[in-house]
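What follows is the residue order along each chain.
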Amino acid sequence: HKGINKMATRYSPKIVTDGLMVCLDPANSRSYSGSGSTWTDLCGSGHNGAISNATFVPHTTATGPAHFDFDGTGDKVMIDHHTDFQFAGDFTICMWVYLDVAMNGNLCVLISNRDTSDYNASFQIFFEDRSGQNVFTGTVPEEGNAFAQPSGVFDGTFNKWDFVAMRVSGTTCSMIVNDASAVDDSLSSRESTQDDGNVRIGGGYSNNSTDNYMLNGKIGSVHIYNKALTDTQIQQNYKAQKGRYNR
């Protein structure tokens, strides 16, 4: 990969760039100019997002940081399938999300490349109701129709920004929410036949074309790494942008 292409970050400290393979930032005009249907990957690797109905909202005092708004119906962002996303080893996904409503027995997709089965998707992050508690859940498939599935605690407060990170490091899958400690689940094996679905941000749980389990909320920056970030590095990313997202 070429690395970040003239990414004019003003974060202090800056986000981690080692291993960064996708960088989507609605606040950076090189990533999104304010118009058009392409959310450009600042890494220069061509993993650009195709915007479908999601509405860009620029930064203002009233609306907060620049972001994309998803109305819970047919709004999503699609990144074309690439073998880069069929992770055989470690990886990390970091994203900022803003949730408008509780799930009440349901779930919404934050990011996923599921095409045929939960057991074959390389990665998925949901916001879901699990036993009456809303949580952020990540899933990574294992051989034999199983998966690692840690859940990070949501504090129950809606209409605010949350930092969500999912990490696979060796045989451990972790979820981190804001500055909380990682919640781990063991990963006994890795599914050898992974889905070749597009990466979908904001919905489309079942396959590339079906609009279901859609997000009613907002998405800010999205970073995908082909390595396991350490706890310190994940917190570096959180601290780099928490001021922007009013944490």
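Everything below is about the structure shown above.
Below is a summary of the structure that appears in this document. Since the structure is predicted, the reported quantities are computational estimates derived from the model, not experimental observations. The residue count restarts for each chain, going from 1 along the sequence in the order it is written. Per-residue local features are limited, in this predicted model, to residues with pLDDT of at least 70; the limit for side-chain atom pairs, both in listing and counting, is 80 or more; totals at the level of whole chains, interfaces and linings are taken over all residues. Values reported for side chains reflect all heavy atoms of the structure, with hydrogen atoms and water molecules removed beforehand.

### Some remarks on the overall build of the chain
Alright, step 1. Along the backbone of the chain there are one helix and 17 strands.
Alright, step 2. Think of it in three bands: residues with accessible area under 20% of the maximum for their type are buried, residues over 50% are exposed, and the middle band is partly exposed, with areas taken using a 1.4 Å probe on protein chains only. Across the 247 residues in the chain, those meeting the buried criterion constitute 54%.
Alright, step 3. Sequence separation of at least 24 residues holds for 65% of the intrachain contacts in the chain that already meet a minimum separation of 6. The secondary structure listing takes helices from DSSP runs of H or I that are at least 4 residues long and strands from runs of E that are at least 2 residues long, numbered from the N terminus. Two residues qualify as a contact provided that any one of their heavy atoms is within 4.5 Å of a heavy atom in the partner residue.

### Comments concerning the state of the cysteines
Alright, step 1. Here, a disulfide means two cysteine sulfur atoms that sit within 2.5 Å of each other. Applying the stated criterion to the full structure yields zero disulfides.
Alright, step 2. The thiol of Cys23 is not disulfide-bonded; the next cysteine sulfur, from Cys43, is found 5.4 Å away.

### Looking at the nonpolar core
The nonpolar side chains of soluble globular proteins are, as a tendency, buried together.
Alright, step 1. For this analysis, a nonpolar core means a set of buried residues of the types Ala, Val, Leu, Ile, Met, Phe, Trp, Tyr and Cys, connected via side-chain atoms within 4.5 Å. Counting 44 residues, the largest nonpolar core has Ile111 and Phe136 as the members making the most contacts within it.
Alright, step 2. When residues in this core are grouped by element, the largest group, five residues, is from strand 7 (residues 91–99).

### A look at the pattern of salt bridges
Alright, step 1. Each salt bridge in this description consists of a side-chain nitrogen of Lys or Arg and a carboxyl oxygen of Asp or Glu lying within 4 Å of one another. Applying the stated criterion to the full structure yields nine salt bridges.
Alright, step 2. A salt bridge links Asp100 to Lys218, with the nearest nitrogen and oxygen atoms 3.5 Å apart. Here Asp100, found in the loop between strand 7 and strand 8 (107–112), pairs with Lys218, found in strand 17 (residues 216–225); they are 118 residues apart in sequence, far enough to count as distant.
Alright, step 3. Judged by its relative accessible area of 14%, Lys218 falls in the buried class.

### What to know about the side chain of Asp129
Alright, step 1. Among the structural elements, Asp129 can be located in strand 9 (residues 124–130).
Alright, step 2. No salt bridge is formed by the buried Asp129; its nearest oppositely charged neighbour, Arg130, is found at 8.3 Å.
Alright, step 3. Distance and chemistry together define a polar contact, namely a pair of N or O atoms within 3.5 Å, with one atom able to donate a hydrogen and the other to accept it when in protein, and with adjacent residues in sequence counting only for side-chain atoms on both sides. One polar contact links the side chain of Asp129 to the main-chain amide nitrogen of Gly132, over a distance of 2.9 Å.
Alright, step 4. Here Gln133 takes part through its backbone nitrogen, which lies 3.4 Å from a polar atom of the side chain of Asp129. In this tally Asp and Glu are treated as negative and Lys and Arg as positive; neither His nor the chain ends contributes.

### Here we look at the pairing of strand 17
Alright, step 1. Most of strand 17 is tucked away, with nine of its 10 residues classed as buried.
Alright, step 2. Here strand 1 (residues 20–24) pairs with strand 17 via four bridges, running antiparallel. Bridging from a neighbouring strand, Cys23 pairs with His223 of strand 17.
Alright, step 3. With four bridges connecting them, strand 5 (residues 67–71) and strand 17 associate as antiparallel partners. Directly across from Asp71, in strand 17, lies its bridge partner Asn216.
Alright, step 4. Pairing between two strands requires that DSSP report at least two bridges joining them. Across seven bridges, the pairing between strand 7 and strand 17 is antiparallel.

### Some words on the packing of aromatic side chains
Alright, step 1. Aromatic contacts are taken between Phe, Tyr and Trp rings whose centres are within 6.5 Å, Trp giving its six-membered ring; a plane angle under 30 degrees counts as stacked, one over 60 as edge-to-face, and the others as tilted. For the coordinates displayed, the defined rule picks out 18 aromatic pairs.
Alright, step 2. Summarising the aromatic geometry, the rings of Trp96 and Tyr245 are spaced 4.5 Å apart at their centres and angled 15 degrees between planes, so their arrangement reads as stacked. On the criterion of sequence distance, the pair formed by Trp96 in strand 7 and Tyr245 in the segment after helix 1 (231–241) is long-range, its members being 149 residues apart. For the pair formed by Trp96 and Tyr245, the shared burial category is buried.
Alright, step 3. Seen from their ring centres, Phe127 and Phe158 are 6.2 Å apart, and the 80 degrees between their planes marks the pair as edge-to-face.

### Focus on helix 1
Alright, step 1. Burial in helix 1 covers these residues: Gln233, Ile234, Gln235, Asn237, Tyr238, Ala240 and Gln241.
Alright, step 2. Contacts made by the buried residues of helix 1 are with strand 7, strand 13 (161–169), strand 14 (172–177) and strand 17.

### With respect to the environment of Asp184
Alright, step 1. Tracing the chain through its elements places Asp184 in strand 15 (residues 183–186).
Alright, step 2. Take Asp184: its relative accessible area is 48%, and that puts it in the partly exposed class.
Alright, step 3. Linking Asp184 and Val168, residues 16 residues apart in sequence, is a C-alpha distance of 9.5 Å.
Alright, step 4. The residues touching Asp184, leaving out its near neighbours within four places in the chain, are Pro150, Thr172, Cys173 and Ser174.
Alright, step 5. At 2.5 Å, the side chain of Asp184 and the side chain of Ser174 are in polar contact.

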